[in-house]
Amino acid sequence: YLSQRKLEEARQEFDKLAERQSRPVAPLTMAGIILQSQGKVSDARNRYERALASEPRAGIAANNLAWMQLQAGESLDIALQHAQTAVAAMPESAEVLDTLGWIYYKKNLYQLAIPPLLRVVEKQPQNPTYRYHLGLAQVGATDIAAGRQSLLRALELKPDFPEAADARRVISQLDAKR
């Protein structure tokens with residue numbers, strides 16, 4: 001079903017599979033991913049929470065739930081717990097490290113945000129959003145030169161990436177303070 005882009009049918013099959021398993025982490029996570037891609041946030045969240053109830057160390061479910069909580073402006077402490085669970089399960093995943101770093105950034109813990117975000121950029125140096133996240137954390141930690149450079153590099157990589165306007169705004173503010 002997935003290869004045929006029949007997402008609803010695939011989601012139904014994953015839900016049926018989850019009902020038959022005692023620890024249905026994988027089918028619940030897959031159903032959550034499908035629902036999230038369809039914009040059904042509440043249903044996706046339900047699947048991720050059920051996956052974590054079944055297996056508290058379920059890395060993908062924990063990461064996706066942390067990101068959803070972060071985007072919704074919910075408790076950053078709970079999102080951080082989920083992100084830490086995800087990093088423990090998948091310590092080399094760029095997406096997971098980005099989630100952790102971005103939560104630290106949102107909590108104004110800039111010095112804690114920088115190490116995972118540096119690892120993300122090392123793993124995926126061509127991703128402008130990751131460089132943007134690193135740049136903002138560096139600026140927050142008062143490493144203005146490094147932060148400005150990271151933001152400029154993000155814009156060089158892709159001048160129209162989703163956060164490009166904000167990157168330009170931050171660079172302009174930094175330049176005005178010189």
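A few points on the structure. Positions within a chain are numbered from 1, following the residues in the order the chain's sequence is written. The predicted nature of this model means local features are confined to residues of pLDDT at least 70 and side-chain atom pairs, given and counted, to a pLDDT of 80 or more, with totals for whole chains, interfaces and linings taken over all residues. Values shown for side chains rest on all heavy atoms present in the structure; no hydrogens or waters enter the calculation.

## Observations concerning the overall build of the protein chain
Move 1: The secondary structure content of the protein chain amounts to ten helices and zero strands.
Move 2: In this description a helix means any DSSP run of H or I spanning at least four residues, a strand means any run of E spanning at least two, and both kinds are numbered starting from the N terminus. Element order for the protein chain, N to C, with α for helix and β for strand: α-α-α-α-α-α-α-α-α-α.
Move 3: With the principal axes as the frame, the protein chain shows a C-alpha extent of 60 × 30 × 25 Å.
Move 4: Relative accessible area decides the class of each residue, using a 1.4 Å probe on protein chains only: under 20% of the type maximum gives buried, over 50% gives exposed, and in between gives partly exposed. Counting across all 178 residues of the protein chain, residues that qualify as buried make up 46%.
Move 5: In what follows, a contact means two residues having at least one pair of non-hydrogen atoms within 4.5 Å. The long-range fraction of contacts in the protein chain, counting pairs at least 24 apart against all pairs at least 6 apart in sequence, stands at 45%.
Move 6: Counting every atom, the protein chain has about 9300 Å² of accessible surface; 50% of that belongs to carbon and sulfur.
Move 7: Neither His nor the chain ends contribute to the count of charged residues, in which Lys and Arg are positive and Asp and Glu negative. Each charge is placed at NZ for Lys, CZ for Arg, CG for Asp and CD for Glu. Looking at the protein chain, you have 23 positive and 20 negative side-chain charges, and the mean spots of the two groups are 1 Å apart. Values of accessible area rely on a 1.4 Å probe in the Shrake-Rupley scheme; residue burial ignores everything except the protein chains shown.

## What to know about the side chain of Ser 150
Move 1: Mapped onto the elements, Ser 150 comes out in helix 9 (residues 144-157).
Move 2: The contacts of Ser 150, once residues within four sequence positions are left out, are Arg 131, Leu 134, Gly 135 and Gln 138.

## Topic: the pattern of salt bridges
Move 1: When a carboxyl oxygen of Asp or Glu is within 4 Å of a side-chain nitrogen of Lys or Arg, the pair counts as a salt bridge. On inspection of all chains with the given rule, the structure shows 15 salt bridges.
Move 2: Residue Glu 8 pairs with Arg 11 through a salt bridge whose shortest N-O separation is 2.2 Å. Taken together, the positions of Glu 8 and Arg 11, both in helix 1 (residues 7-20) and three residues apart, correspond to about one turn of that helix.
Move 3: Of the charged contacts in the structure, one is a salt bridge between Lys 107 and Asp 77, with a shortest N-O distance of 2.4 Å. In this pair, Lys 107 is assigned in the loop between helix 6 (94-106) and helix 7 (110-123) and Asp 77 in helix 5 (residues 76-89), connecting sequence segments 30 residues apart.
Move 4: Its relative accessible area of 25% is what places Lys 107 among the partly exposed residues.
Move 5: The exposure class of Asp 77 is partly exposed, given its relative accessible area of 44%.
Move 6: Because the salt bridges share partners, they merge into one network encompassing Glu 8, Arg 11, Asp 15, Lys 40 and Arg 47.

It is worth stressing that arrangement in space is one thing and function is another; only the former is reported here.
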